[in-house]
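Examination of the molecular architecture
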Amino acid sequence: MSAEPSAVARSLADVAAEPGVSKPDPILVAADVRKTFGGLRAVDVEALEVQRGAITGLIGPNGAGKTTFFNVLTGFDRPDSGRWTFDGKPMSGMAAHKVARAGMVRTFQLTKALGRMSVLDNMKLAAVDQRGERFLASLVPPLWRPQEQEIEARAEGLLEYFNMIHMRDEFAATLSGGQRKLLEMARALMVEPTMVMLDEPMAGVNPALTQSLLGHVTGLRDEGMTVLFVEHDMDVVMGISDWVVCMAQGQIIAEGTPDAIAQNPEVIDAYLGRRRHHEEERS
């Protein structure tokens, strides 16, 4: 990771550190997004814009609504209300597979690798619009075999990028937790997305693989991709994020650069509690 701020970080330097603030070039714009479970309002987001080409960290204490917000935006949960656009296109109510095909792809906190398939086959399965998936076309190999070869070459290229090419023929079930995280990130890129949403990509990953994962996340940004990720490790968030959004009790309570968020009293209160914060101020 470079100590110098990224170009997109510099473009955000003058953006006001306040919830719902407009961004210079947002790729995702959400408004009035709400989701309840029984009497609990899990998500209550009035406004959020995600800057194109940036790494945006989404933080908050346990139960803040971060994963539910991800689920709603990506079509895995149906909201009670709300609207959002991705790259200028309305996405509200769109099915999860259509969201992915539109270029907004997410990973999961608990990895979803198919354990009895090889690593390479897990990768190939993620490619969209495969001709061989159509019944009639599947009966005529010349119609799908060239595309199949292209997909396999792309999958191998991504496995090489993530330093997993030596695992290509291994069952996914044999991978370690960190390797499964790498596989899930690589598989998401098979869709050729515009934005990747990572749900706790570092959870359960040993320190050696954490550094590799961090390098890959910043590499995605450096190649022009937008990254929105949920993470609890503040060192990770502050180290790679261009912008940070903090949720608490379903609401966005703060936004800003990593430095601004680290000093924001609302964020400190959300994590430590008002009493402890005031005690520290008096000491």
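This is a predicted model, so every value here is computed, not measured. Sequence order as written defines the numbering, with residues in each chain counted from 1. Totals for whole chains, interfaces and linings use all residues, but because this is a predicted model, local features are given only for residues with pLDDT of at least 70 and pairs of side-chain atoms are given and counted only at 80 or more. Processing note: side-chain calculations cover all non-hydrogen atoms of the structure and skip hydrogens and water entirely.

Considering helix α7 (residues 177-189)
Each helix is a run of H or I in the DSSP string that is no shorter than four residues. Each strand is a run of E no shorter than two, and both are numbered from the N terminus. Take the residue count of a helix, subtract one, and multiply by 1.5 Å to get its expected span. Look at α7: 19 Å from first C-alpha to last across 13 residues, which is about the 18 Å you get at 1.5 Å a residue. Exposed residues in this analysis have more than 50% of their type's maximum accessible area, buried residues have under 20%, and partly exposed residues fall in between, with area computed by a 1.4 Å probe over protein chains only. Of all 13 residues in α7, 10 are buried; the element is thus mostly enclosed. All of the buried residues along α7 are G178, K181, L182, L183, E184, M185, A186, R187, A188 and L189.

Quick look at the packing of aromatic side chains
Side-chain rings of Phe, Tyr and Trp, where Trp is taken by its six-membered ring, are said to pair if the distance between their centres is within 6.5 Å; with planes under 30 degrees apart they count as stacked, over 60 as edge-to-face, and otherwise as tilted. Enumeration according to the criterion identifies two aromatic pairs in this entry. Centre to centre, the rings of F76 and F108 are 5.2 Å apart; their planes meet at 90 degrees, and the pair counts as edge-to-face. Highlighted residues: F76 in the loop between α2 (66-73) and β4 (81-86) and F108 in the loop between β6 (104-106) and α4 (119-125), separated in sequence by 32 residues. F108 sits in the partly exposed class, given a relative accessible area of 21%. Seen from their ring centres, Y161 and F162 are 5.1 Å apart, and the 85 degrees between their planes marks the pair as edge-to-face.

Some points on the sheet that holds strand β2 (residues 40-51)
When DSSP finds at least two bridges between two strands, those strands are taken to pair. Within the open sheet, the four strands sit side by side as β2-β1-β4-β5. Their pairing is antiparallel. Two strands close off the open sheet at either side, each with one partner strand: β2 and β5 (89-90).

Focus on the pattern of salt bridges
By definition, a salt bridge exists where a carboxyl oxygen of Asp or Glu is found within 4 Å of a side-chain nitrogen of Lys or Arg. With the rule as written, the count across this model stands at 16 salt bridges. One salt bridge connects D199 with R106, and the closest N-O pair in it is separated by 3.7 Å. One end of the pair, D199, is in strand β7 (residues 195-199); the other, R106, is in strand β6, with 93 residues separating them in the sequence. Each member of the pair, D199 together with R106, is buried. The partner of R221 in a salt bridge is D242, and the shortest N-O contact between them spans 3.0 Å. Of this pair, R221 sits in helix α8 (residues 207-222) while D242 sits in the loop between α9 (234-240) and β9 (243-248), and the two are 21 residues apart along the sequence. With relative accessibility at 14%, the residue R221 sits in the buried group.

Here we look at the nonpolar core
We define a nonpolar core as any set of buried Ala, Val, Leu, Ile, Met, Phe, Trp, Tyr and Cys residues linked to one another through side-chain atoms lying within 4.5 Å. M123, F162, M190, V217 and F229 are the most contacted members of the largest nonpolar core, which totals 42 residues. Domain extents, as shown, originate in an automatic or database domain assignment. A domain split of this core shows at least three residues from each of domain 1 (7-113 + 192-282) and domain 2 (116-174). We call two residues in contact when some of their heavy atoms are within 4.5 Å. Discounting chain neighbours no more than four positions away, the residues touching F162 are L182, M185, A186, L189 and H216. Listed in part, the 33 residues of the second largest apolar core include A30, V43, M195 and L228.

Let's talk about the sheet that holds β7
Reading across from one edge, β6-β7-β8-β3-β9-β10 is the order of the six strands in this open sheet, with mixed pairing throughout. Each edge of the open sheet is held by one strand with a lone partner, namely β6 and β10 (251-256). Sheet twist, expressed as the average angle between the axes of neighbouring strands with direction ignored, equals 20 degrees. Two strands pair when backbone bridges link them, and β6 and β7 are joined in this way by three bridges, in the parallel orientation. Within β7, the residue paired with R106 across the bridge is M197. The convention used is that axes are lines fitted to C-alpha atoms, helices contributing only their stretch in contact, and that angles between N-to-C directions extend from 0 to 180 degrees. Of the strands in this sheet, β3 (55-59), β6, β7, β8 (226-230) and β9 are in contact with α2, which crosses β7 at around 145 degrees.

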